[in-house]
Amino acid sequence: MKFSHLIEINDPLNPLIDPLTREQLWRGLVMRAEQPMLFVEHLDECLLSDQSMQSVTRELRYGKVTIKDVVSYLPLLQVRYQVPKQQDIVGSSLIMTIEEPGPEMLFVRFEYEDEAVERQPAAQAEQEFYDEFRRSAYEEADIDTIRVIRELAAEGRLGPVSN
């Protein structure tokens, strides 16, 4: 499954949206990777290892399920999550890219991809239904990520407020 969507961060024509700087947005996206319990409600534990300016290896525990992934960074531009195939989990990726099509206009593009699994034709309709459900869940989680980043910025936890 491949899925992509865009969330608007700043709109200079909408005074109801508190603008974020690119730096604040970047710090928020990195915080989502390194402090995911602020962003993911049902996450029980996150252990970080091999942490550097370029990447971090994580072990996430959701109840009895543990998922290992690697998050890599292109500073002020992109955060890339790579989940290798493990136990019953197919390999997948999430790429969050900051886009700036004009002055003071910021967006985040979220791109999801997972390894294709061959299915019998009878199971195809069921898989399409499941994929649509996942797309909706991913989109809601991403909207929530931006909401939390805005809250963190308002609390001053992501650096100076924009003017």
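Residue indices follow the written sequence of each chain, beginning from 1 at its first position. The model is predicted, so local features are restricted to residues of pLDDT at least 70 and side-chain atom pairs to those at 80 or more, both for listing and for counting; the totals for chains, interfaces and linings are taken over all residues. Think of the side-chain values as coming from all heavy atoms in the structure, minus any hydrogens and water.

Each residue carries a pLDDT value, the predictor's own confidence for that position, ranging from 0 to 100. Per-residue confidence for the chain gives a mean pLDDT of 91, with 94% of residues at or over 70. Secondary structure elements are taken from DSSP: a helix is a run of H or I of four residues or more, a strand is a run of E of two residues or more, and numbering for both begins at the N terminus. For the chain, helix α2 (residues 121–154) is the element with the lowest average pLDDT, namely 90, and strand β5 (residues 78–83) is the one with the highest, namely 98.

When two rings of Phe, Tyr or Trp (its six-membered ring) have centres within 6.5 Å they constitute a pair, described as stacked for plane angles under 30 degrees, edge-to-face for angles over 60, and tilted for the intermediate range. Throughout the structure, instances matching the rule amount to 3 aromatic pairs. Residues F3 and Y112 carry aromatic rings whose centres are separated by 6.0 Å and whose planes lie at 25° to one another, so their mutual orientation is stacked. One end of the pair, F3, is in strand β1 (residues 2–8); the other, Y112, is in strand β7 (residues 105–114), and 109 residues separate them in sequence. Exposure classes here rest on a 1.4 Å probe applied to the protein chains alone. A residue is buried below 20% of its type maximum, exposed above 50%, and partly exposed in between. With relative accessibility at 13%, the residue F3 sits in the buried group. In this structure Y112 comes out as buried when scored by relative accessible area, which is 9%. Measuring from ring centre to ring centre gives 4.0 Å for Y112 and Y138, while their planes differ by 5°; the resulting arrangement is stacked. With Y112 in strand β7 and Y138 in helix α2, this pair connects stretches of sequence that are 26 residues apart.

The subject of this paragraph is the layout of surface pockets. Over the atoms rolls a probe the size of a water molecule, and its path tells where empty space is left. Using protein atoms alone on a 1 Å grid, points that fit a 1.4 Å probe yet trap it form a cavity, whereas open point sets bounded by protein on both sides within 12 Å along at least five of seven lines form a pocket; residues with an atom within 4 Å of a point count as lining. Grid points are joined across faces, edges and corners, and a volume is the space filled by probe spheres set on the points. Taken as a whole, the largest pocket spans an internal volume of roughly 1300 Å³. Considering the residues around the largest pocket, the lining is formed by 37 residues, among which I67, S92, Y112, R134 and Y138 are closest to the centre. Secondary structure elements with two or more residues in the lining of the largest pocket: β3 (55–62), β4 (65–74), β5, β6 (92–102), β7 and α2. The residue classification treats Ala, Val, Leu, Ile, Met, Phe, Trp, Tyr, Cys and Pro as nonpolar and Asp, Glu, Lys and Arg as charged. All others, Gly included, are polar. Of the residues that constitute the lining of the largest pocket, the class distribution is 18 nonpolar, 6 polar and 13 charged.

To continue, consider the sheet that holds strand β2 (residues 45–49). By the convention used here, strands pair only if DSSP detects at least 2 bridges between them. Pairing in this open sheet of 7 strands is antiparallel, and the strands run β1-β7-β6-β5-β4-β3-β2 from one edge to the other. Both outer strands of the open sheet, β1 and β2, are each paired with one neighbouring strand and no more. Each neighbouring strand pair of the sheet contributes to a mean axis angle of 20°, computed without reference to strand direction. Across 9 bridges, β6 lies against β7 in antiparallel orientation. Between the N-to-C directions of two axes lies an angle of 0 to 180 degrees, each axis being a line fitted to C-alpha atoms and, for a helix, fitted only over the stretch in contact.

Okay, the side chain of R58 next. Looking at the element boundaries, R58 is found in strand β3. Identification of polar contacts relies on pairs of N or O atoms within 3.5 Å, with a donor-acceptor requirement for protein atoms, meaning one able to donate a hydrogen and the other able to accept it, and with residues adjacent in sequence counted only if both atoms are side-chain atoms. Reaching out from R58, the side chain makes a polar contact with the backbone oxygen of A33 at a distance of 2.9 Å. A distance of 2.7 Å separates a polar atom in the side chain of R58 from a polar atom in the side chain of D69.

This part is about the pairing of β1. Strand residues, when the strand is regular, have side chains that alternate between the two faces of the sheet. Judged by which residues are buried, β1 turns out to be one-sided: F3, H5 and I7 face inward and are buried, whereas K2, S4, L6 and E8, on the alternate face, are not. With 7 bridges joining them, β1 and β7 adopt antiparallel strand pairing. Bridging across to β7, F3 finds its partner in Y112.

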